[in-house]
Every structure is written in structure tokens, then in C-alpha cells.
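Fold and geometry: a report
Single-letter residue listing:
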Amino acid sequence: MTSDAAGAAPESERSTGTFTVKRGLADMLRGGVIMDVVTADQAKIAEDAGAVSVMALERVPADIRRDGGVARMSDPALIEAIQEAVTIPVMAKARIGHFAEAQVLQALAVDYIDESEVLTPADEAHHIDKWAFSVPFVCGATNLGEALRRISEGAAMIRSKGEAGTGNIVEAVRHLRSIIGDIRRLTQADGPEQYGWAKHLSAPIGLVQEIARTGQLPVPLFCAGGIATPSDAALVMQLGAEAVFVGSGIFKSSDPPRMARAIVEATTHYEDAEHVAKVSRGLGEAMRGEEMTEITERLADRGW
Amino acid sequence: MTIGILALQGDVREHALAFAELEVATTPVRRPADLEGLAGIVLPGGESTTLSMLLESSQLFEPLGAVIAGGLPVFGTCAGLVLLAADVLDGRPDQRTFGALDCVVRRNGYGRQRDSFESELSAPTLAAELEMPDSALPAVFIRAPVVVTAGPGVEVLASLSSQGGGRDPVAVRQGSVLATAFHPELTGDRRLHRVFARMVAR
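Residues numbered from 1 in each chain as written. Chains lettered and ligands numbered in written order. Predicted model: local features only at pLDDT ≥ 70, side-chain atom pairs only at ≥ 80, totals over all residues. Heavy atoms only, no water.

1. So, the overall build of chain B
- When its secondary structure is counted, chain B shows six helices and twelve strands.
- By the compact-globule yardstick of 17 Å for 202 residues, chain B fits well, its C-alpha radius of gyration being 15 Å.
- Oriented by its inertia axes, the alpha-carbon framework of chain B measures out at about 45 × 40 × 30 Å.
- Here chain B, with 202 residues, has 59% of them falling under the buried criterion.
- Relative to all contacts within chain B whose residues are 6 or more apart in sequence, the contacts with residues 24 or more apart total 65%. (Helix = DSSP H or I, 4+ residues; strand = E, 2+ residues; numbered from the N terminus. Rg over C-alpha atoms; globule rule 2.2 N^0.38 Å. Buried < 20%, exposed > 50% of the residue type's maximum accessible area, 1.4 Å probe, protein only. Contact = heavy atoms within 4.5 Å.)

2. Things to note about helix 2 (residues 40-48) of chain A
Residue and element names in this part refer to chain A.
- Every buried residue of helix 2 is accounted for by Gln42, Ala43, Ala46 and Glu47. What you see down the axis of helix 2 is that its buried residues fit within an arc of 140°, all on one side.
- In this fold, the buried residues of helix 2 make contact with strand 2 (33-37), strand 3 (53-56), helix 4 (76-85) and helix 11 (248-251).
- Gly50, located one to two residues past helix 2, shows a positive phi value of around 100°. (Arc of directions from axis to C-beta.)

3. Notes on the pattern of salt bridges
- Summed over all chains, the structure comprises 39 salt bridges over all chains.
- The shortest N-O distance in the salt bridge between Arg30 of chain A and Glu14 of chain B comes to 2.8 Å. On the criterion of chain membership, the pair formed by Arg30 of chain A in the loop between helix 1 (19-29) and strand 2 and Glu14 of chain B in helix 1 (residues 12-21) is interchain, its members lying in two chains.
- We classify Arg30 of chain A as buried; its relative accessible area is 5%.
- Several salt bridges converge on common partners, so that one network encompasses Arg23, Asp27, Arg30 and Glu242 of chain A together with Arg13 and Glu14 of chain B. (Salt bridge = Lys/Arg side-chain N within 4 Å of Asp/Glu carboxyl O.)

4. A closer look at the packing of helix 12 (residues 256-268) of chain A against helix 2 (residues 48-57) of chain B
- For the pair helix 12 of chain A and helix 2 of chain B, interaxial distance at closest approach is 11 Å and the crossing angle is 85°. As the angle between them shows, helix 12 of chain A and helix 2 of chain B are arranged roughly perpendicular. Note on element contacts: helix 2 of chain B touches helix 12 of chain A through Met53, Leu54 and Ser57 of chain B, opposite Arg261, Val264, Glu265 and Thr268 of chain A.
- Its residues assigned to classes, the contact of helix 12 of chain A with helix 2 of chain B comprises three nonpolar, two polar and two charged. (Axes fitted to C-alpha atoms, helices over the stretch in contact; angles between N-to-C directions. Parallel < 35°, antiparallel > 145°, perpendicular 65-115°, else oblique. Nonpolar A, V, L, I, M, F, W, Y, C, P; charged D, E, K, R; others polar.)

5. Regarding the sheet that holds strand 8 (residues 137-141) of chain B
- Read across the sheet, three strands follow the order 1(A)-7(B)-8(B) without closing on themselves; strand pairing throughout is antiparallel. Of all the strands in the sheet, the pair left with one neighbour each is strand 1 (15-16) of chain A together with strand 8 of chain B.
- As judged from the two bridges shared by strand 1 of chain A and strand 7 (residues 117-121) of chain B, these two strands associate in the antiparallel manner. Paired with Ser15 of chain A across the two strands is Glu118 of chain B, which belongs to strand 7 of chain B.
- Where helix 1 of chain A meets the sheet, its contacts fall on strand 1 of chain A together with strand 7 and strand 8 of chain B, and the angle it forms with strand 7 of chain B comes to roughly 110°. (Pairing = 2+ DSSP bridges.)

6. Details of the interface of chain B and chain A
- Counting residues at the interface gives 52 residues for chain B and 54 residues for chain A.
- At the boundary of chain B with chain A, total buried surface from both sides reaches about 4,200 Å², with 49% on carbon and sulfur atoms.
- Contact with chain A buries area across many residues of chain B, yet Arg112, Gln113 and Arg114 of chain B alone supply 16% of it, more than any other trio.
- Summed over the shared surface of chain B and chain A, the number is seven salt bridges. (Buried area = accessible area lost by both parts, 1.4 Å probe.)

7. Concerning the confidence of the model for chain B
- Overall, the predicted model of chain B reaches an average pLDDT of 96, with 100% of residues at or above 70.
- Both confidence scores are given for the complex: pTM 0.95, ipTM 0.96. (pLDDT = per-residue confidence, 0-100.)

8. Considering the packing of helix 8 (residues 191-201) of chain A against helix 9 (residues 205-214) of chain A
All names here are of chain A.
- Direction vectors running N to C along helix 8 and helix 9 enclose 125°, while the axes themselves pass 9 Å from each other. Overall, the two elements helix 8 and helix 9 adopt an arrangement that is oblique. Considering only the axes of helix 8 and helix 9, their crossing is right-handed. Here helix 8 contributes Gln194, Tyr195, Trp197, Ala198 and Leu201 to the contact with helix 9, which in turn contributes Ile205, Val208, Gln209 and Ala212.
- Its residues placed into classes, the contact of helix 8 with helix 9 shows seven nonpolar, two polar and no charged. (Left-handed = near helix turned anticlockwise from the far one by under 90°.)

9. A word on the side chain of Asp232 of chain A
Residue and element names in this part refer to chain A.
- Here Asp232 shows up in helix 10 (residues 230-239).
- Salt bridges are absent for the buried Asp232, whose nearest opposite-charge side chain, Arg177, sits at 13 Å.
- There is a polar contact of 2.8 Å between the side chain of Asp232 and the backbone nitrogen of Ala228.
- Setting aside chain neighbours within four positions, we find Asp232 in contact with Ile169, Gly226 and Ile227. (Lys, Arg positive; Asp, Glu negative; His and termini not counted. Polar contact = N/O pair within 3.5 Å; in protein donor to acceptor, adjacent residues only side chain to side chain.)

Written as C-alpha cells, this is what we have:
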């Protein structure tokens, strides 16, 4: 042991729930795949396949879309069973604005809370004040203004919304291109123009100025909503996503363990087309998927 | 002199930025050919189970293990420490490690994310080696591993009072292996990256 083992130097307190600690976990998930699971067995399959985290929920978005009705936070017993089953971080969803569900998820010690448009919103005007929690939050966004409003409320990770449960990547691509394109354009804006951007985006001027300076969001940007194949993952990673969420795409495919592993490898080797080709071969059927015109309600429109 | 950063998953960018500040060149490592000509390698933070699966599927586990065993300087943070340890508690049964560091670690030994924390450490050895003042070393612990036992050949560079009394080693060195349970790359303090750059230059 070294000299400090004698306890000579006073040691500072442990500070939990700081923004550095919250965004730190998002940083550790970069380059990885977060998978939706509805049972402890599925969580094991996801971990075996190399998932960096699992999202514990009762129904995958494709089933929520099919079944209709009000979609709520999962049963704590289900979340606990999944926490018991795996060693990787476990996330869970709360309804938009439903801070009491979020309090329950924090009490269960989930590792990340997704304030998610996939569930039925609980508040038509307000999102959760995420600064009030020590557990970090991820929120969906369709454009830069929405992303910055969520960050100003305390979100430590942003994901594109895409259109969950469709197996159609087109909306996620639109959202990523919109967010990343506007970040790029914003770096060209001079001082007065930045005020114009803040007004246009309905976003706090401080965050707009920060992005104009740094050219990136102050938290990691992940992609969600419609990823169904390894190539989908490679596409969004090349567009600038830093990690991917896969909802229905794995357990609605014909061979979930193989699909899961293939998407994990494609997310890591997204610039290596030969590797993506290798893992894509003979995967069986991807989830069926839906055309956007077949959809009656867009989940991405939820959130304000 | 170029340092490789294992770039399969995790906070690769923060390590690259830290070395860029010190004007040390880095390159991402994703396949065996990327190991050629490296002066050192960094195993970043991430999920150790994911990293260990990807090391296998990328055919990197054996060649990387061989260069580390051959004495290539290696710096592991958090998940990187887990990958270097001799043995892992509370891991997956099939989780493989390089065994380059005579330590037993417990995954997520400080608890879930709710218990992740920032603290400040004392690291007099680093200060003396770098001839810098021994100011507080900021340390970010994210679902961090605990070093349960460290062998006699392991030098403890910093420790943290453990909840059960006593102290847990949180920055350790053994020969050409440097490892931390926390993430120096998430702070602006570059002392550990400086020390590693010196180990590489030696």
C-alpha cells in the first residue's frame, strides 16, 4: 500500500447523481446496442449477444402499436426479475410527464430512465423535471430544438425518436439528419444569428451558443425507432449516431439471438462493409415492418 | 510514438482527446492488423461483457493478449481494469480476461448507477513521478469495479476508503500495466495519461 493508506490526506465526500456521473454512463454505452426485452430470458439472450444495456418493458413497441390502449410503466416485479438476470445496466420507461412513475423507477434503482413517447403521455404540456432525480434520463427528439429542450430539463442522453415498432428506418434517418444538419449549420451562425436560432428552435440561448462553439450536443446522441437489420445500425452510425436502441427489431425477427449479435457487430464495425455483410448473411427474416402511410398515429408526435 | 485505443465500444473519444492534449498520437484498434507498430494500448471504459464478446468476434483476443503478455504498455480504465484482472467476481461465467494484473475485481462493486459517484483522491506517487504538486485528483466512478485483492507485485497509486472500513485500491500499476477503477478520461486532469505516456516512452 502507498503512503495515503495511512489516511494522511483527507478525502472528499462521494457526490452521487451529478451531471458528470449521469452523462458518464451514456458515454460508456457509446458504440453499443441497447435492446428492448420483455422477460428475464430475453434479457439473458440480449446480454449473451453483447448488448451494452437492456430496456425492461412489458410489450415491445410493435405490440403496443397493435394492441392499443394505455401503455404505462412496467410492473416493478418484471423490472426486478430482469435486474436479477443480467449484469449490464437496466433501463426502464416512464410516461412523458409522469414524474411519479419516474420516482418509482428511481426507487427500483434502474440505471437509466427513458421518458418515452412509446408509452401514453401523462402530461400534454410538461415533461419531467429531470434535474430533480439522481438517476439519469434519456429522452427522444425529432429535431434539434426538441433535443435542447430535453437537455435543458436535465436529460443526460438524447435519442432520435424514429417511429418505434415499425421496423422502418426512414423516420430515424429524418430525425438524425435534422438534428445533426442543424448542429452543422449552427456552427456557421454569428452572434446575432444565434439568437435567431434560439427563437427558431424554441431552445435556451445558452445551449444554442454552446453548440455553435463546440459543434456537438452536450450529451451523447443515440438512435432509436425502426432499426431492424445490421445495415440499419451501420447506416445510422455513419450518419452520426453514437449508439443504437433496438426495440422490436430483435425479438420480432425469426432468429433473435443471431439478429441481436449481428446488430451488435454491425454497430461496432459500421465502417467495415465486409464485416456488416458477413454478419448479415442468412439471418432469417427481419421483423415485418410497416410503411409510414399505413400508420394511423405517429408516436414521434408525442412530446413537446 | 502512437498509442492504440481499443475502439470496439465505450468512451474511446475521451481517451483520444486526453492524449491529443498531451500531443501524443493515437489510433483506433478494431482488428488484428491495427495492433502493428503500437507503442502502447488503452482499454477504455465501456461494458466489459460486450467488450469481451467483441474481442472474440473481432479475432482480437489472442493477438492483443499476446502483445500485452509480451510487455506492450497497457492502460485500462473501469471496464479496461476488469479486462486486465486475473479474476472477476460477479461477472459472467464465460467472461474472459487477459490476466495481466495480479488483482481480483468485483464488477459493479460500488453498486448500480444510482450509487455512481465523483470524488477526489490523493495520489502522491503520481505527483512525485511527474514532479507536479500533489493536488486532489478528481475521479469519476461509473458502475465501477472494486479491486478486492491486489497481489504483492501490484503498486497502489491511489485508494479510496471503502464502506466496510479499510481502503480499496483504485489506481494500480504492475510492470507495464496501469489501471484505474475510475475514469480519468472524463475529467480535465491529465496526470494518469501523462504517467502512461511516460511508461510508453520508456
